[in-house]
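Fold and geometry: a report
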Amino acid sequence: MAILEKAPEGAQVLDLGAARAARAEARVGQPRSVIRLSVGFVELKAELDVLCAEDFAASRISDGLRRVVADPADLAELVKGGLTAEDLQAIVEFVTGNSLGE
């Protein structure tokens, strides 16, 4: 593994931890995204795992949805009533801003 213990002198550094903390702070007070079901609402993660788009594109639907919902236990409720292709397309567009397969 080639992980460095410290940045080389003069290197430009992107501190992902600090960037995530700043985004989290900026989200305080903002409404969360949810999917409405007949039984209630499924809350989505505030920040999406980039791999959800890859999962959807590769037809790993359950994996992609698991990366999207805030509580993985809600996945069962989300798919319990059955998801149509149109439902999935709408979810993917809602959370990624892209059509399924893009």
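Scroll up for the structure.
Residues numbered from 1 in each chain as written. Predicted model: local features only at pLDDT ≥ 70, side-chain atom pairs only at ≥ 80, totals over all residues. Heavy atoms only, no water.

**Things to note about helix α3 (residues 61–68)**
- Gly64, Leu65 and Val68 are the residues of α3 that are buried. Along α3, the residues classed as buried sweep out an arc of 95 degrees about the axis, all on the same side.
- Those residues of α3 that are buried lie in contact with α2 (51–57), α4 (74–80) and α5 (85–96). (Buried < 20%, exposed > 50% of the residue type's maximum accessible area, 1.4 Å probe, protein only. Helix = DSSP H or I, 4+ residues; strand = E, 2+ residues; numbered from the N terminus. Arc of directions from axis to C-beta. Contact = heavy atoms within 4.5 Å.)

**Section: the nonpolar core**
- Ranked by size, the top nonpolar core spans 15 residues in total, and within it Ile35, Leu44, Phe56, Leu65, Val68 and Leu78 carry the most contacts.
- For this core, the secondary structure elements donating two or more residues are β1 (34–37), α2, α3, α4 and α5.
- Here this core gets four residues from one element, more than from any other, and that element is α5. (Core = buried A, V, L, I, M, F, W, Y, C linked by side-chain atoms within 4.5 Å.)

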